[in-house]
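Residue-level listing of the chains:
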Amino acid sequence: LGRVYVFEEHHEGGLVTVEHAENIKQRAKSNYRRVKVVGGTKSEGQFRKDMGTGGVRVYEPPIFNVEPGIDRIIRLMKTNRLYIANSCVELLTQIREYSREVDALGEPIEKTIQDKSKFHLVDALRYACSVINVRTVLRDDENEQEREKQSEVPRLTMHEQEQKRAINGPAI
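We now turn to the structure provided with this report. None of the values given here were measured: they were computed from a predicted structure.

Brief notes about the packing of aromatic side chains
- Scanning the entire structure with this criterion turns up two aromatic pairs.
- Each ring, one from Tyr5 and one from Tyr83, has its centre 5.0 Å from the other, and the planes form 10°; the classification is stacked. On the criterion of sequence distance, the pair formed by Tyr5 in strand E1 (residues 4–6) and Tyr83 in strand E4 (residues 82–84) is long-range, its members being 78 residues apart.
- Judged by relative accessible area, which is 52%, Tyr5 ranks as exposed.
- Each ring, one from Tyr98 and one from Phe119, has its centre 5.1 Å from the other, and the planes form 85°; the classification is edge-to-face. Of this pair, Tyr98 sits in the loop between helix H4 (89–97) and helix H5 (120–129) while Phe119 sits in the loop between H4 and H5; the two residues are 21 residues apart in sequence, bridging distant segments of the chain. In this pair, the class of Tyr98 matches that of Phe119, namely buried.
- Seen from the ring of Tyr59, Lys36 lies directly overhead, with NZ or CZ sitting 4.7 Å from the centre.

Things to note about the packing of helix H3 (residues 66–78) against H5
- In the contact formed by H3 and H5, the axes pass within 9 Å of each other and the chain directions differ by 75°. With respect to their mutual orientation, H3 and H5 come out roughly perpendicular. Along the contact surface, H3 presents Val66, Gly69, Ile70, Arg72, Ile73 and Leu76, while H5 presents Val122, Leu125, Arg126 and Cys129.
- Looking at the contact of H3 with H5, its residues break down into seven nonpolar, one polar and two charged.

Describing the environment of Ser130
- In this fold, Ser130 is placed in the loop between H5 and helix H6 (134–152).
- Note: C-alpha distance between Ser130 and Ile73 (57 residues apart in sequence) is 8.5 Å.
- Among residues more than four places away in sequence, those in contact with Ser130 are Val38, Pro61, Pro62, Ile63 and Arg72.

Brief notes about the pattern of salt bridges
- Summed over the entire model, instances satisfying the criterion amount to eight salt bridges.
- Residues Arg100 and Glu67 are paired through a salt bridge, measuring 2.9 Å at the closest nitrogen-oxygen approach. In this pair, Arg100 is assigned in the loop between H4 and H5 and Glu67 in helix H3, connecting sequence segments 33 residues apart.
- Since its relative accessible area comes to 27%, Arg100 is described here as partly exposed.
- In this structure, Asp123 and Arg126 form a salt bridge, with 2.9 Å as the shortest nitrogen-oxygen distance. In this pair, Asp123 and Arg126 both sit in helix H5, three residues apart, roughly one turn of the helix.
- Each of Lys42, Arg48 and Glu60 takes part in a single network of salt bridges with overlapping partners.

Reading the values: the criteria
- Residues numbered from 1 in each chain as written.
- Predicted model: local features only at pLDDT ≥ 70, side-chain atom pairs only at ≥ 80, totals over all residues.
- Heavy atoms only, no water.
- Phe/Tyr/Trp six-rings, centres within 6.5 Å; stacked < 30°, edge-to-face > 60°.
- Helix = DSSP H or I, 4+ residues; strand = E, 2+ residues; numbered from the N terminus.
- Buried < 20%, exposed > 50% of the residue type's maximum accessible area, 1.4 Å probe, protein only.
- Lys NZ or Arg CZ within 6 Å of the ring centre and 35° of its normal.
- Axes fitted to C-alpha atoms, helices over the stretch in contact; angles between N-to-C directions.
- Parallel < 35°, antiparallel > 145°, perpendicular 65-115°, else oblique.
- Contact = heavy atoms within 4.5 Å.
- Nonpolar A, V, L, I, M, F, W, Y, C, P; charged D, E, K, R; others polar.
- Salt bridge = Lys/Arg side-chain N within 4 Å of Asp/Glu carboxyl O.

This is the structure we're talking about:
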């Protein structure tokens, strides 16, 4: 639970919604036991209805805004909850190229994405990651922060431990 495994990508133009639905059903039937399809922006309710008519239920993503979606992807990556297979060449390329617009001085402009319209697979990834249980991810973040705090505590080397035992006697 709480993990996203991306091992296949589908980005095929020139199809009508019913054809996309059929493609998803065929892939699900032949390859996967369980599929949850999440997608469409807030205004794309008709797309979700059309996919439903085609036999594929598409869940509305709970996070639509770009910034929280990016934050979610980063959090999942940092906590080893997002895995993308090397076979997803187009998605990995889009992730590498995904960047902020820059101003005249070359500084990134907050809340802007350069050439945003060409990153369909990254958008799909944001939607997919938006359904991951936030509490699980947050709990893991808290556990990681606690581990980091513990690792900041000075640790004695073996030699220092032996010296301490020699001075204080063996621990009982």
